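Report on the structure
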Amino acid sequence: MNKLKVFAVLCLVSALSYAGGYRVSTQSNKQLAMGHTGVAVVNSADVLFFNPAGLVHLENKLNVSVGGFGVFSDVNYQNSDTGAFAETESPVGTPFYAYASYALSDKFAVGLGIYTPYGSNVTWPTDWEGSHLVNEIELQAIFIQPTLSYQIFENVSLGVGAMIAIGSVDFNRNASRSLTDEQGNRSNVAISDSGVVGVGWNAGIMFTPTDNLSIGFNYRSLIDIESEDGEATFSNFPNSPLVPANGTQGFTATLPLPAEATLGIAYSCDKWLFAFDYNRAFWSEYENLDIDFENGTSSINPRNYKDASSYRLGVQYLATDALTLRGGWYFDESPVQSGFFAPETPRNDSVGYTAGLSYSFSPRFSIDASFLYLRFKEVTESYDFYADPGGQPAPFRGSYKSRALIPGIGITYSM
């Protein structure tokens, strides 16, 4: 494979790998309002995601929760050396969740959850300064989780479930900083795949030494999303044996969704409930990404992600018999290391401020609302693994400002 073809393949690999570093913490309106704590909190069927061991502690026989969010995000990029500026024009993201649980006995419950813990939707202006790294990317993974929960001792319960992930990705970028066809159109590479399935598992334990205190632990396994039927489209390449031919071909790739472990504690006092969670995501699994094209070319690209931690605090207050108020805060550490910061997922360390409420119209039915203001730490960083045709390194550097506003609404039903 000549150097220019190698260059095009490496750039495509970069885009896939950074898409994997984007985790979306919107799996419950009630728990997001409490800083996305929940591994030791039993509020509703939402506990199926945070700790399946908590399902058996729900008071009602049948519990259902459904909800969704609108993700309004923007990213500003500026290069102080060249004066270049760009702002994303990303569409509104819509993560969602649905959970249901049923108590078969006082000690045994089953449940089913559908939710979207991973996703990325970033659209930069066409042909902007970083278009050789990304123009647009849309990534989504829908999880289906059947779950069992059993109270093994008076103060100890266990939960276990399977996780079936269904992923899709659409991505496009220009092939280089300057390559065009004979008419001056920028050469472009696009990939697309959907319906990609991966399987994992999760397990949790909950310990309730007193009526006011609970301690929980939950582990979610690594899932490899293996793309085998995707399409890569090369367009606007000049008619030359030195560059890839225009047209569509297949590719295979594996995108890991990392394992994570969460330890939490919750304490209730009168009308108050306090919760703290510590979460560790094992992104260091993401060392390399292999991609193989139908024409026989392949590449291995180092990623060098690091494990990352999140610290979450939440509080809940029963204001009246019908109204429950919630608030929270969390700090989320980025897994992206210095020198690997690319505009596909312009993510740095972030701080989230959350609030929300539930209003009960009857003992069985309530509406849950939440709001998250997520502010990413401003960062000046670079992506050091891009090279122009011929192999000359060309790091892409700049300053990024990012934020997201995420309102959500849901319903809870029990009987």
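Higher on the page you've got the structure.
Note that the structure is predicted; figures quoted are calculated from it, not measured.

1. Remarks on the overall build of the protein
Counting its regular elements, the protein contains three helices and 21 strands. Taken over C-alpha atoms, the radius of gyration comes to 23 Å for the protein, in line with the 22 Å a tight globule of 415 residues would show. Reported as C-alpha extents along the three principal axes, the dimensions of the protein are approximately 70 × 40 × 30 Å. Scored against the burial criterion, the 415 residues of the protein give a buried share of 53%. Taking the contacts inside the protein whose residues are at least 6 apart along the sequence as the reference set, 68% of them involve residues at least 24 apart. A total accessible area of about 17500 Å² is found for the protein, and carbon and sulfur atoms account for 56% of it. In the protein, the 23 positive side-chain charges and the 41 negative ones have mean positions that sit 6 Å from each other.

2. Thoughts on the layout of surface pockets
There is about 1300 Å³ of room inside the largest pocket. If you go around the largest pocket, you meet 45 residues; those closest to its centre are V42, N43, S44, E59 and Q316. Listing elements by their share of the lining of the largest pocket, those giving two or more residues are β9 (213-220), β12 (260-269), β13 (272-281), β16 (308-318), β17 (323-332), β18 (350-360), β19 (365-376) and β21 (396-414). Each residue belonging to the lining of the largest pocket can be placed in one class, and the counts come to 16 nonpolar, 19 polar and 10 charged.

3. Describing the side chain of S414
Relative to the helices and strands, S414 resides in strand β21. Separated by 3.4 Å, the side chains of S414 and N60 make a polar contact. In this structure S414 touches N60, L62, N63, P363 and R364, once residues within four positions along its chain are discounted.

4. Things to note about the pairing of strand β10 (residues 223-235)
Here five bridges tie strand β8 (residues 188-207) to β10, and the two strands are oriented antiparallel to one another. Paired with N188 across the bridge in β10 is S235. In the sheet, β10 pairs with strand β11 (residues 247-257) via 10 bridges, with the strands oriented antiparallel. Residue pairing in the sheet places T233 in a bridge with T248 of β11.

5. Examining the pattern of salt bridges
For the coordinates displayed, the defined rule picks out two salt bridges. When the shortest N-O distance is used, the salt bridge between E333 and K306 registers 3.6 Å. Residue E333 is found in the loop between β17 and β18, and its partner K306 is found in the loop between β15 (298-302) and β16; the two are separated by 27 residues along the sequence.

6. Re the nonpolar core
Counting residues in each nonpolar core, the largest one holds 68 residues, and the members touching the most others are W124, F143 and Y400. Those residues in contact with F143 that sit more than four places away from it in its chain are G113, I114, Y115, P117, Y118, M163, I164, A165, R220, I223 and L257. Among the nonpolar cores identified, the runner-up in size contains six residues, and M34, A40, V41 and A266 belong to it.

7. Some points on the environment of D388
Looking at where D388 falls in the secondary structure, it is placed in the loop between β20 (379-383) and β21. Sequence separation of D388 and S214 is 174 residues, and the distance between their C-alpha atoms is 56 Å. Not counting residues within four places of it along the chain, the set of residues in contact with D388 comprises R177 and A394.

8. A word on the packing of aromatic side chains
A complete count under the given rule lists 24 aromatic pairs for this structure. On the numbers, 5.0 Å between centres and 90 degrees between planes, the contact of F49 with F50 is edge-to-face. Each member of the pair F49 and F50 is classed as buried. Here F69 and Y97 contribute two aromatic rings whose centre-to-centre distance is 6.1 Å and whose plane-to-plane angle is 45 degrees, an arrangement assigned as tilted. One end of the pair, F69, is in strand β1 (residues 62-69); the other, Y97, is in strand β4 (residues 96-103), and 28 residues separate them in sequence. For the residue pair F69 and Y97, the accessibility class agrees, reading buried in each case. Here the aromatic residues F49, F50, F69, Y97, Y99, Y115 and F143 are joined through ring pairs into a cluster of three or more.

9. Focus: unusual backbone geometry
With phi around 60 degrees, H36 is a residue other than glycine that occupies positive phi space. As for its placement among the helices and strands, H36 is situated in the loop between α2 (29-33) and α3 (47-50).

10. Focus: the environment of A203
Within the secondary structure layout, A203 lies in strand β8. A203 sits in the partly exposed class, given a relative accessible area of 24%. For the pair A203 and N218, spaced 15 residues apart in sequence, the C-alpha to C-alpha distance is 5.8 Å. With near-sequence residues (within four places) excluded, A203 lies in contact with P52, G159, V160, F217, N218 and Y219.

Rules used throughout
- Residues numbered from 1 in each chain as written.
- Predicted model: local features only at pLDDT ≥ 70, side-chain atom pairs only at ≥ 80, totals over all residues.
- Heavy atoms only, no water.
- Helix = DSSP H or I, 4+ residues; strand = E, 2+ residues; numbered from the N terminus.
- Rg over C-alpha atoms; globule rule 2.2 N^0.38 Å.
- Buried < 20%, exposed > 50% of the residue type's maximum accessible area, 1.4 Å probe, protein only.
- Contact = heavy atoms within 4.5 Å.
- Areas by Shrake-Rupley, 256 points an atom, 1.4 Å probe, with all protein chains shown as cover.
- Lys, Arg positive; Asp, Glu negative; His and termini not counted.
- Charge placed at Lys NZ, Arg CZ, Asp CG, Glu CD.
- 1 Å grid on protein atoms, 1.4 Å probe; cavity = no way out; pocket = protein on both sides within 12 Å on 5 of 7 lines; lining within 4 Å.
- Points joined across faces, edges and corners; volume = space filled by probe spheres on them.
- Nonpolar A, V, L, I, M, F, W, Y, C, P; charged D, E, K, R; others polar.
- Polar contact = N/O pair within 3.5 Å; in protein donor to acceptor, adjacent residues only side chain to side chain.
- Pairing = 2+ DSSP bridges.
- Salt bridge = Lys/Arg side-chain N within 4 Å of Asp/Glu carboxyl O.
- Core = buried A, V, L, I, M, F, W, Y, C linked by side-chain atoms within 4.5 Å.
- Phe/Tyr/Trp six-rings, centres within 6.5 Å; stacked < 30°, edge-to-face > 60°.

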